[in-house]
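The chain contents come next:
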Amino acid sequence: MMQIRGWLAVVRKELTIYFGTPIFYITGFFFLLLAGYFFYTNVVYYSIISFQAAQQASNPQIAAQLNPLQMVFRPLFAILAIILLFLVPFITMRLLAEEKRSGTAELLFTYPLTDWAVIAGKFGAALLLYLILLAFTVSYPLVLGQIIRLDWGALGAGYLGLVLLGAACLSLGLFASSLTENQIVAGVVAFALLLLFWIIGWVQELGAGDLGRIFQSLSLMEHFENFTKGVIDTRDLVYCLSFIYFFLFLTKRQLESRRWRA
Amino acid sequence: MQTMIEAQDLTKYYGPQLAVSRLDFEVAAGEIVGFLGPNGAGKTTTLKILAGFLAPSAGTARINGYDCVTDSLAVRRSLGYVPENVAIYPDLTVTQFLRFAARAKGVSAKAETGEVDRVVGACGLEEVRGKLAAALSKGFRQRLGLAQALINQPPLLIMDEPTIGLDPSQIVEIRQLIKNLEGDHTVMLSSHILPEVSQLCHRVIIINRGQIVASDTPENLSRQLGHGSRVLLTVAGPDEQVRAALAAVSGVNRALGQGEGKYLVEADSGVELRPQLARVVVERGWQLLELKSQEFTLEEVFINLVTEEES
């Protein structure tokens, strides 16, 4: 009970700092600017194609592709995922690095909070911030849904994918922040690791055999793609949740080791 | 009397470097203890171990009966810690910061506001409550550091150099704040400012190169380790003759002229020189303007101890 209160205390503190400084407003502004731009261009493209298809109704190939999930939201989700790659390091880099640099780690870790309460608090705050940003983009299907019919189930799967992908990236970012007291270093490490987990599946295309298949199944992009198709696969769920737990666990180990070193 | 801090064989290595070596000490509940030593002596390391921030490489430390490593949470519940160079969250206001501290320390939601008000009052932070911590002056930051430590009334307070970097009037204020804690809290504070320690503390532990070199009350330390007794005289008379006459008194080891008719006379400890010195001056027909015995300051004791260690 007491640890839950401690966890909530950390969440509230982090959110106060996020909302009290420009971090949230700047990342939010650019995230929504880019998301809005891509949504708009996708919709415009979709309407041009459907206009053309209506004129030459005899072309069944184009007609089969004409559904808003395929042409508007799948590309949008893919773009949002790439924006995440750039956004997450900015959200997570200060979480633990700044505490160490400013010396407040000495306060935080001498308060009667377990390491888990601190980690879950910081992770929870970053995730909430991300969910708020993501919630703004829900207005896109809501608006589009007024005009055309949408497959809400498939859209829901896509959003679940974005939430899980975001959480996975944030857990990795938090871990990177625990490694150093320099925010820039934390940001660069987070970005590099995320990029690695993004593209690690590409080796499969080089014909790398079994090893390639292992790499591919480690790839974030690989597992995310199923969600954007509207498919919720247990394998992808298990992958994302293990990814999150793994990096939060590494963060905890990293914090523990601080007690024994210096 | 109940023991608040109990350190046994406390040892800490940073990599191959020995920072603290086999420290043994106890602090009773209610005591104010000064932890004294030159920079790099191991003060901060020891305090960090006691506060549960670092784990010792060997040995044990118990706070309020709980082990600092195995019962870390219970230890952290019993203490308030003021780190060196006061750590504060610059992006939180004073009230936000203290509310966070209260929640983190498990103060109930009902008692939270009252507890924050209490420490704000005790530390004189009323006028800056709504300000961002980043905008506070050094003196207020130090008070804020103390305020967060006082939240939830911990029986033990550990302060690392609480007055460092403050101006003289701020130092007096902080010292008064600490003095006010006497009775309700056990306080362990580190410092290298000796007058501060001798004014505040019941007992002083002097540490050098990771080892305890002395532990006693400030008065006892200056008496025992002062290497003899000293008398200060002010005499109106011919300079060189006065100095020679004082040096000739039996039992005097040394007589030093300090200018403007002041002389410092040193003897072995326990020898009472004042009557003889007064007689000599008066017999010669000089005027005795001042005569007083002078105690060794903690500063001199400290330098003696530290240099003895090194030689």
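It should be emphasised that the depicted structure is a prediction, and the values quoted were computed from it without experimental measurement.

### A word on the overall build of chain B
On a plain count of helices and strands, chain B comes out with 11 helices and 14 strands. The principal-axis extents of the C-alpha atoms in chain B amount to approximately 80 × 45 × 35 Å. Expressed as a percentage of its 311 residues, the buried residues of chain B come to 44%. Within chain B, residue pairs in contact and separated by at least 24 positions form 67% of the contacts whose partners lie at least 6 positions apart.

### Considering the sheet that holds strand S8 (residues 186–191) of chain B
All names here are of chain B. Taken in spatial order, the 6 strands line up as S6-S7-S8-S3-S9-S10 in an open sheet, and their pairing is mixed. The two strands at the open ends of the sheet, each matched to only one other strand, are strand S6 (79–82) and strand S10 (211–216). Averaged over all pairs of adjacent strands, the angle between their axes in this sheet comes to 15°, without regard to strand direction. Pairing between strand S7 (residues 156–160) and S8: 5 bridges, direction parallel. What sits directly across from Leu-156, in S8, is Thr-186.

### Let's talk about the interface of chain A and chain B
In this complex, chain A contributes 23 residues to the contact, which on the side of chain B involves 23 residues. Residue assignment for the side of chain A that touches chain B shows that the elements contributing at least two residues are helix H1 (2–20), helix H6 (105–108) and helix H13 (234–260) of chain A. Of the residues forming the side of chain A that touches chain B, the biggest block, 8 residues, is contributed by H1(A). Classifying every residue of the side of chain A that touches chain B by side-chain character gives 10 nonpolar, 9 polar and 4 charged.

### With respect to helix H5 (residues 138–150) of chain B
The α-helix advances 3.6 residues per turn, and as a result positions three or four apart in sequence lie on the same side. The end-to-end C-alpha separation of H5(B) is 19 Å, in line with the 18 Å expected for 13 residues at 1.5 Å each. The element H5(B) is largely enclosed, with a buried count of 11 among its 13 residues. All buried positions along H5(B) are accounted for by B:Phe140, B:Arg141, B:Gln142, B:Arg143, B:Leu144, B:Gly145, B:Leu146, B:Ala147, B:Gln148, B:Ala149 and B:Leu150. As for H5(B), its buried residues are in contact with H6 of chain A together with S6, helix H3 (94–104), helix H4 (109–122), S7 and helix H6 (168–180) of chain B. At the exit of H5(B) stands B:Asn152, carrying a positive phi of roughly 70°.

### Quick notes on unusual backbone geometry
Residues apart from glycine generally show negative phi values, whereas peptide bonds are mostly found in trans. Residue and element names in this part refer to chain B. Unusually for a residue other than glycine, Arg-22 sits at a positive phi of about 45°. Relative to the assigned elements, Arg-22 resides in strand S2 (residues 17–28). Despite not being glycine, Asn-152 shows a phi value in the positive range, around 70°. Within the fold, Asn-152 resides in the loop between H5 and S7.

### Here we look at the packing of helix H2 (residues 23–55) of chain A against helix H7 (residues 115–137) of chain A
All names here are of chain A. Running from amino to carboxyl end, H2 crosses H7 at an angle of 30°, the nearest separation of the two axes being 10 Å. Judged on the interaxial angle alone, H7 and H2 are roughly parallel. Helix-helix and strand crossings are classified by hand; for H2 and H7 the assignment is right-handed. The segment H2 lies against H7, with Phe-24, Gly-28, Phe-31, Leu-32 and Ala-35 engaging Leu-129, Leu-133, Phe-136 and Thr-137.

### Observations concerning the nonpolar core
A:Ala126, A:Ala168, A:Leu170, B:Phe97, B:Leu98 and B:Ile158 are the most contacted members of the largest nonpolar core, which totals 144 residues. Tallying contributions element by element places helix H9 (residues 152–178) of chain A first for this core, with 15 residues. Here B:Ile158 is in contact with B:Leu47, B:Leu50, B:Ala51, B:Leu79, B:Tyr81 and B:Met188, once residues within four sequence places are set aside. By size, the runner-up hydrophobic cluster in this structure holds 13 residues, among which are B:Val231, B:Val242, B:Ala267 and B:Leu277.

### Some points on the domain arrangement of chain B
Along its sequence, chain B is carved into domain 1 (3–223) and domain 2 (228–295). Just the C-alpha atoms count here: the centres of domain 1 of chain B and domain 2 of chain B sit 44 Å apart.

### Some remarks on the environment of A:Leu69
Residues and elements named next belong to chain A. Examined against the element boundaries, Leu-69 turns out to sit in helix H4 (residues 68–92). As a C-alpha pair, Leu-69 and Leu-220 span 151 residues in sequence and 21 Å in three-dimensional space. Apart from the residues lying within four places of it in its own chain, the contact partners of Leu-69 are Arg-74, Asp-151, Ala-154, Leu-155 and Gly-230.

### Observations concerning the sheet that holds strand S14 (residues 287–294) of chain B
Residues and elements named next belong to chain B. The strand order S12-S13-S11-S14 describes an open sheet built from 4 strands, whose pairing is antiparallel. Each edge of the open sheet carries a strand with a single partner, namely strand S12 (252–259) and S14. The sheet shows a mean angle of 20° between the axes of neighbouring strands, direction not considered. The pairing of S12 with strand S13 (residues 262–267) spans 6 bridges and is classified as antiparallel.

What counts and how
- Each chain carries its own residue numbering, running from 1 in the direction its sequence is written.
- Whichever chain is written first becomes A and whichever ligand is written first becomes 1, with later ones labelled in order.
- Only residues with pLDDT of at least 70 are given local features in this predicted model, and only at 80 or more are side-chain atom pairs given and counted; all residues enter the totals for whole chains, interfaces and linings.
- Secondary structure is summarised from DSSP: a helix means a run of H or I of at least four residues, a strand means a run of E of at least two, and numbering begins at the N terminus for each.
- Exposed residues have 12 or fewer other C-beta atoms within 10 Å of their own C-beta, buried residues have 20 or more, and partly exposed residues fall in between, where C-beta atoms are placed from the backbone.
- What counts as a contact here is a pair of residues whose C-beta atoms, placed from the backbone, lie within 7 Å.
- Any two strands are treated as partners once DSSP identifies two or more bridges connecting them.
- Fitted lines through C-alpha atoms give the axes, limited to the stretch in contact for helices. The angle between two N-to-C directions lies from 0 to 180 degrees.
- Polar here means any residue other than Ala, Val, Leu, Ile, Met, Phe, Trp, Tyr, Cys and Pro, which are nonpolar, and Asp, Glu, Lys and Arg, which are charged; Gly is therefore polar.
- Any helix carries an expected span of 1.5 Å times its number of residues minus one.
- Should an angle fall under 35 degrees it is called roughly parallel, over 145 degrees roughly antiparallel, and 65 to 115 degrees roughly perpendicular, with every other angle called oblique.
- Rotating anticlockwise by less than a right angle from the far helix to the near helix defines a left-handed crossing, while the corresponding clockwise rotation defines a right-handed one.
- Residues enter a nonpolar core if they are buried, belong to Ala, Val, Leu, Ile, Met, Phe, Trp, Tyr or Cys, and are joined to the set through C-beta atoms within 7 Å.
- Domain delimitation in this document rests on an assignment produced automatically or drawn from a domain database.

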